[in-house]
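A structural walkthrough
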Amino acid sequence: MEYIQINTSIHLESVRLSMAPIIFDAIDRDRNYLREWLPFVDATQSVSDTELFIKSMVPNRKEKKDEVYSIWYNLEFAGLIGFKDTDWVNHKTELGYWLTNKMQGKGIITKSAHFLIQFAFNNLGINRVQIKVASGNKKSAAIPSRLGFRLEGVERHGELINGLYHDLQIFSLLKSEINS
């Protein structure tokens, strides 16, 4: 899916190379805010770093792997959301996301994630979706809770952020647990 209309204010678009300057500018503008919980922020120092990330995703689309979407709120770039580490043999995937500071608190991620989860279950043959959240990131942890995910446990020292290892809370939702 190249374009997804979530509601009148929110739409998603498959990430394209031409979006690299917009994505980089958002990361650069909100660097201090984003770096608290996102491990890639410090390594993203130029538009070319963002281009490399996007290029790494494009071949995966042809191989039926992961899909990353740009999030737009009232036609303004808001962040990214997408599937990662999809295991097609075992019908499971992980959903990752981030928003700029300005776009927080508008329900953007909850609504976008809900749509993508339904799509994964109903159209991609996925049976399990998981979301990993750094322990202490209360705003991000509220998303899977609102969407009916269950906290399964903690991946100890699962992510290196700003030189420190953080535990990751692992939330999951099974297709059998939702009402389509």
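Residues numbered from 1 in each chain as written. Predicted model: local features only at pLDDT ≥ 70, side-chain atom pairs only at ≥ 80, totals over all residues. Heavy atoms only, no water.

A word on the pattern of salt bridges
For the coordinates displayed, the defined rule picks out seven salt bridges. One salt bridge in this structure joins Arg16 and Glu13, with 3.0 Å as the shortest N-O distance. A relative accessible area of 37% places Arg16 in the partly exposed class. The exposure class assigned to Glu13 is buried, which follows from its relative accessible area of 15%. Two residues, Asp42 and Arg35, come together in a salt bridge whose shortest N-O distance is 2.6 Å. (Salt bridge = Lys/Arg side-chain N within 4 Å of Asp/Glu carboxyl O. Buried < 20%, exposed > 50% of the residue type's maximum accessible area, 1.4 Å probe, protein only.)

Details of the side chain of His11
In this structure, His11 sits in strand 2 (residues 10-14). There is a polar contact of 2.8 Å between the side chain of His11 and the side chain of Glu13. Ignoring anything within four residues of it in the chain, the contact list for His11 reads Tyr3, Ile4, Gln5, Ile6, Ser70, Ile71, Trp72 and Leu75. (Helix = DSSP H or I, 4+ residues; strand = E, 2+ residues; numbered from the N terminus. Polar contact = N/O pair within 3.5 Å; in protein donor to acceptor, adjacent residues only side chain to side chain. Contact = heavy atoms within 4.5 Å.)

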